[in-house]
2 protein chains.
Amino acid sequence: MNFFVRINMSELKVSFEEVPEKYKKMGGRWLTSQFIYNEVPPTCHPLGPSNKLIFAPGILTGTTAPCSGRISVGSKSPLTGGIKESNAGTPVAQALAKIGIKAIIVEGQPKEKDKFWIVRLSREGGKLESARGLMGIGLYEFAKCVKERFGKVGFIAIGPAGEKRLPIAGVCFNDKDGRPCRYAARGGLGAVMGAKGLKAIIVEDTNTSPVTVVNQALFRDGQRKLVEALREHHMTKPGGLLNTYGMNFLIKVLNEIGALPTRNFSAGRFEGANKISGKVIVETIKQRNGNGTTSHPCHPGCIIRCGIIWPRPNGFEHVSSLDYESVWALGANCGIDDIDAIAELIWICNDGGLDTIEAGVTLGVAMEAGLIPFGDIQGAIRLLRECIQGTLLGRVLGNGAAFAGRLFGVTRVPVVKGQGMPGYDPRVVKGLGVTYMTSPMGADHTAGYTTATEIFGIGGKVNPLSPKGKAELSRDFQAITAFVDATGYCLFILFAVLDIPSGFEGMIETCNGALGTKWTSDEVMAIGEEILKIERSFNEAAGFTKAEDRPPEFMRYEALPPHNQVYDVTDEELDKVFGEL
Amino acid sequence: MNFFVRINMSELKVSFEEVPEKYKKMGGRWLTSQFIYNEVPPTCHPLGPSNKLIFAPGILTGTTAPCSGRISVGSKSPLTGGIKESNAGTPVAQALAKIGIKAIIVEGQPKEKDKFWIVRLSREGGKLESARGLMGIGLYEFAKCVKERFGKVGFIAIGPAGEKRLPIAGVCFNDKDGRPCRYAARGGLGAVMGAKGLKAIIVEDTNTSPVTVVNQALFRDGQRKLVEALREHHMTKPGGLLNTYGMNFLIKVLNEIGALPTRNFSAGRFEGANKISGKVIVETIKQRNGNGTTSHPCHPGCIIRCGIIWPRPNGFEHVSSLDYESVWALGANCGIDDIDAIAELIWICNDGGLDTIEAGVTLGVAMEAGLIPFGDIQGAIRLLRECIQGTLLGRVLGNGAAFAGRLFGVTRVPVVKGQGMPGYDPRVVKGLGVTYMTSPMGADHTAGYTTATEIFGIGGKVNPLSPKGKAELSRDFQAITAFVDATGYCLFILFAVLDIPSGFEGMIETCNGALGTKWTSDEVMAIGEEILKIERSFNEAAGFTKAEDRPPEFMRYEALPPHNQVYDVTDEELDKVFGEL
């Protein structure tokens, strides 16, 4: 039996309610976006009482389907002003699903602005308690306190940045070993949680039951096909690229093709790239030969295992996880080529509850403005700490790259819809640029990762530098991604699924098996399109138009070395992406 | 013979060119808005090279028509992100018209970011010179330097805030005695001028010729009618309300009806109102009996003379002018009830080149956030000085109320389209609220001053508290205002013109006389509507939708004491305003 948990922060009440019929087949992003579309006034203040924060495990989360332990967090974003879904892989997602929780809805706002609460959730119900003793500390310390106070539980939490309602703040989940390092990072959802006065949700997963699977035979069939595809594809197989390097192999690849955004998107190649490459990361871990490891899963049941636990020079664990986006954002984009320094910056982000991408892009803009020089490690550390402390400068930076850019009067500000761009310069990877510009989420590589085709040759092969056909490519990727984000599957299954037809079948069959549906591949794409459509509708009602589906102006006239390309996908092409939706 | 002056800051070139046929009958806001609509890419960065800054005296500016010495400044606003027109009354407007300059167009951007220039303009031509020696000083000092260096000339200049590209910066013009106190203040046009590297335009008005009037007889007839109406109406006549108190009589009036925004729009009555009322201002000036005066004109030929020169206790001049909006914004809205302190805050704004309204609204938000307490005079002085110095906090505040509100996580932020609201709470003066919400300019009382009818009973009488019929009222006011802003007339002529039919005739006949046109009153309204239409179109292309025509959310649920009214003009009513345009 599934239910919704409604946490009303105005009345300080937690209630369990039946899942309305219309939401029963939904999960993940599908559910969060539909819910926001239905219940959040599009023009409300993102940090006011009318906004809601929704957590929803995917359709398959909690089942034995491989790599299906993701949870979506949805809200109106204080960073973009539009709808937001950001997801994370974490055992908490699986625990909630096994408790029977289809979604958690946080709504309202406490009268007392400075009082924070935690909610304890279990099969037995939910209750609010004061967050006293857990406030103002870093998330590593928080995780320790939680363990001491509640034992081995899962948590959903914000760090000091979220407590301060900074739009750079993400929502943090524990990984399978209890580290506070799995983030629904983007769009400032941590600030929304902070504005709700909710420090954390503590999830006790005792006495749970298996997640319902309507057609076991079909499900198992699909699961087998998907597992086989994942174990076969060069990106996802054991010992494959992801398993060995995470996505960090991209540092070298993107640097070679001149698409690695360097020093605030002023160049496409970084002279320090070979000091922070995937190969160097893996070799250094081996040399240090201590508690570092590659091939770490973010949740049980992941067979790709792209996580990387980085050790200090003495072999002791430093931080998990060294993902490409973080390494790029806090590395090349800031002109920093020292992996230990980058690891420390990631640790600070994890501890303070910051989105590493927005943090890195904002630091890049601050460096551009001359606040500190590019490459200044100690300066970068100091600025991130100021975010967490909430000093005036920290609040400026904690409001993200677009905000800081305006403050400093900088015009080279790599954002779309107010959200900082991830680590692929759109002037070189033009299809991904279309995703940046047109995704309802703002600049977001995970919203339609055309890089798969443009760089890796997955599902076909196209020239990344050419603007041709990129509207269609991005639209297809955005649609299938929206569906995948509904399932609880990790986006990375797409590499195998798009190249291996039986893998694609497996993805759909596991869903059909679990739900008792008979979705075809066309219907699956239609679901993805439907999700995008409601997201776009919300944004439209919130005031978004085609003008928000545009690159920052400088990318139209500033050619990126070494290819000296501007962003030349035309406005008309950009408008074609959702012209038919 | 009229011409355009084009100042190309990329090439550092000044050229005079013939006025294209299509612009020949236009002036003021009509010309600036049409020009921006035609030549500025709507999605460009307001501080980048593609934006343009246009100066245009009105159709009648430089003629003997009464109160016609206004000049419009237009651009894409860095404060609102939309089109902007802001105008000022100044002899510079008249000088430009007499030189034959129909508009000045500033475009491009110098390569060297930190180098500033001045342009010297006269009948003989224009030339660029380095702004060395004029930078970084206050505008009072600047005015002295200009006088020493160039003699008795007019100037258009930015202060330190504009040099720093802060969206709180206005464009400053001298008054008839050379004071740097006449501002096209709103929308951050000073920041655009700063981004162009243009410190000032120096206007030498020797060897000028009278402005062409095609039909002298008709013009003189119209002029007579308008002068008579102005001399008859209780608002505009000699010894009338405006001539005696400026608009400061509003402090008492609005306080009594509970519409005086107090302490960041948290109340509609200010307990200190009777310490800063128009009556107290006038009586204090009389007591101090020195260089203060009421009844000061901003330009020769003004017969209303609403300006007030405030003296220090010792009788020496302190600041000009004590206008209602400034007294309210830096007074009641900040909980400050000391006129000498308010005068000093206005002086600081004039000296630094700040919009007094945006400054006061931003201070209100900063006080709300607890940065300094309400009523803290020394704190307010310090914060404004920080703006001018461009400290980090100064840059935060210098980006205006909406920006500061986001930084501090405050939800009570009285802005529309990112621009701070003037001194009438829309929850009580609901028609003016419609203007705030729907004007293409953002929250702006001068864009459609329905207060005339709602409070003064001019052109009819309606209940300010009722939402009924306010869409139509605001639309009509916005249309006639757009026309008036094209003529060079001061908006205050509307009081007489709307009550006295021959005054209305006079307004149109002076235009027809000057241009040789045969505009009817319907055509005049149609011109106003046409101006609004192109402004709305620009904004739409820049990404504005109905969602930008909304009150800040808190005004929908926070009732304003003492009337305990929320803003209850419905979204549907708001959308009716321009539904037909």
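What counts and how
- Residues numbered from 1 in each chain as written.
- Chains lettered and ligands numbered in written order.
- Predicted model: local features only at pLDDT ≥ 70, side-chain atom pairs only at ≥ 80, totals over all residues.
- Helix = DSSP H or I, 4+ residues; strand = E, 2+ residues; numbered from the N terminus.
- Buried ≥ 20, exposed ≤ 12 C-beta atoms within 10 Å, placed from the backbone.
- Contact = placed C-beta atoms within 7 Å.
- Nonpolar A, V, L, I, M, F, W, Y, C, P; charged D, E, K, R; others polar.
- Domains from an automatic or database assignment.
- Pairing = 2+ DSSP bridges.
- Axes fitted to C-alpha atoms, helices over the stretch in contact; angles between N-to-C directions.
- Least-squares fit on C-alpha atoms with pLDDT ≥ 70 in both.

Participant: Kindly report on the overall build of chain A, identifying the contributing residues and their values.
Facilitator: Tallying secondary structure elements over chain A gives 23 helices and 17 strands in all. Considering only C-alpha atoms, chain A reaches an extent of 60 × 55 × 50 Å along its principal axes. Of all 581 residues assigned to chain A, the portion counted as buried reaches 63%. Restricting to contacts in chain A with at least 6 residues of sequence separation, those with at least 24 account for 72%.

Participant: Account for the interface of chain B and chain A, with residues named and values stated.
Facilitator: Each partner contributes residues to the interface: chain B has 26 residues there, and chain A has 25 residues. When contributions to the side of chain B that touches chain A are tallied by element, the ones reaching two or more residues are helix H14 (392–398), helix H15 (401–408) and helix H21 (521–542) of chain B. The element best represented in the side of chain B that touches chain A is H14 of chain B, accounting for 4 residues. In the side of chain B that touches chain A, the residues fall into 11 nonpolar, 9 polar and 6 charged.

Participant: Let's hear about the domain arrangement of chain A: which residues, and what values?
Facilitator: All names here are of chain A. Along its sequence, chain A is carved into domain 1 (3–203) and domain 2 (238–424). Centre-to-centre separation of domain 1 and domain 2, based on C-alpha positions: 25 Å. Contacts between the two partners involve 40 residues from domain 1 and, on the opposite side, 31 residues from domain 2. Counting residues per element, the ones that place at least two in the side of domain 1 that touches domain 2 are helix H2 (91–99), helix H3 (139–150), helix H4 (160–163) and strand E11 (180–184). Considering every element that reaches the side of domain 1 that touches domain 2, the biggest residue donor is E11, with 4 residues. For the side of domain 1 that touches domain 2, the per-class residue count stands at 19 nonpolar, 15 polar and 6 charged.

Participant: Explain the pairing of strand E2 (residues 13–18) of chain A residue by residue, including any values.
Facilitator: Note on strand geometry: in a regular strand, side chains alternate between the two faces of the sheet. Residue and element names in this part refer to chain A. Pairing between strand E1 (residues 3–8) and E2: 6 bridges, direction antiparallel. The partner of Phe4 across the bridge, within E2, is Glu17. Connecting the antiparallel pair E1 and E2 is a turn made up of 4 residues, with Leu12 showing a positive phi of about 50°.

Participant: Tell me what's going on with the sheet that holds strand E15 (residues 317–320) of chain A, and back it up with residues and numbers.
Facilitator: Residues and elements named next belong to chain A. Across the sheet, 3 strands lie side by side as E13-E14-E15; this open sheet has antiparallel pairing. A strand with exactly one partner marks an edge of an open sheet, and here the two such strands are strand E13 (293–296) and E15. Taken over all neighbouring pairs, the strand axes of this sheet differ in orientation by 25° on average, direction set aside. In this structure, E13 lies alongside strand E14 (residues 307–311), joined through 2 bridges in antiparallel fashion. Paired with Thr293 across the two strands is Ile309, which belongs to E14. Taken strand by strand, helix H11 (residues 339–352) contacts E14 and E15, and its axis lies near 65° from that of E15.

Participant: Provide a residue-level description of the relation of the copies chain B and chain A, including the pertinent values.
Facilitator: For the match of chain B to chain A, the screw axis carries a shift of 0.0 Å, the RMSD comes to 0.0 Å, and the turn is 180°. Both chain copies can therefore be described as sitting about a two-fold axis. Both copies contact each other with a shared surface, as 96% of the interface residues of chain B are interface residues in chain A too.

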